[in-house]
Amino acid sequence: MDDIRQRDLSKKRDQDLTGEERQELARRFKEFKQLVRERGARNVGLAPNTKAQGSGKKRIRKWDPAAIAAAKRKKAGGRTR
């Protein structure tokens, strides 16, 4: 019989899991949580790595009503009301 630690349990439905398989899944999840705590979500590949997050600063865009109106006119095809 193969080792349960090497078995692929992802294709099985929850109802079809044996008690031993449920314990193994719980052990794997606990191991995964510990890994995320130690290394961080971004280093494990869970959080996207973007410029704004990488620098730690938020991008702030100045509010300009004229630019907003121009963008709306451009989007509407140059028509004005």
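Above this note sits the structure.
Owing to the predicted nature of the structure, the values given are computational and were not obtained by experimental measurement.

Peer 1: Give me a nonpolar patch on the surface: which residues, what numbers.
Peer 2: A cluster of nonpolar side chains, F29, F32 and L46, forms an exposed patch at the surface whose accessible area comes to about 300 Å². Inspection of the secondary structure assignment puts L46 in the loop between α2 (41–44) and α3 (51–55).

Peer 1: Pulling in residues and values, what's your account of the side chain of E24?
Peer 2: Following the sequence through the fold, E24 ends up in helix α1 (residues 19–39). Among the polar contacts listed, one links the side chain of E24 to the side chain of R27, at a separation of 2.6 Å. Filtering out sequence-adjacent residues up to four positions away, E24 remains in contact with I4, R5 and L9.

Calculation criteria
Residues numbered from 1 in each chain as written. Predicted model: local features only at pLDDT ≥ 70, side-chain atom pairs only at ≥ 80, totals over all residues. Heavy atoms only, no water. Patch = residues over 30% accessible without salt bridge, like charges linked within 9 Å, V, L, I, M, F, W, Y side chains within 5 Å. Areas by Shrake-Rupley, 256 points an atom, 1.4 Å probe, with all protein chains shown as cover. Salt bridge = Lys/Arg side-chain N within 4 Å of Asp/Glu carboxyl O. Helix = DSSP H or I, 4+ residues; strand = E, 2+ residues; numbered from the N terminus. Polar contact = N/O pair within 3.5 Å; in protein donor to acceptor, adjacent residues only side chain to side chain. Contact = heavy atoms within 4.5 Å.

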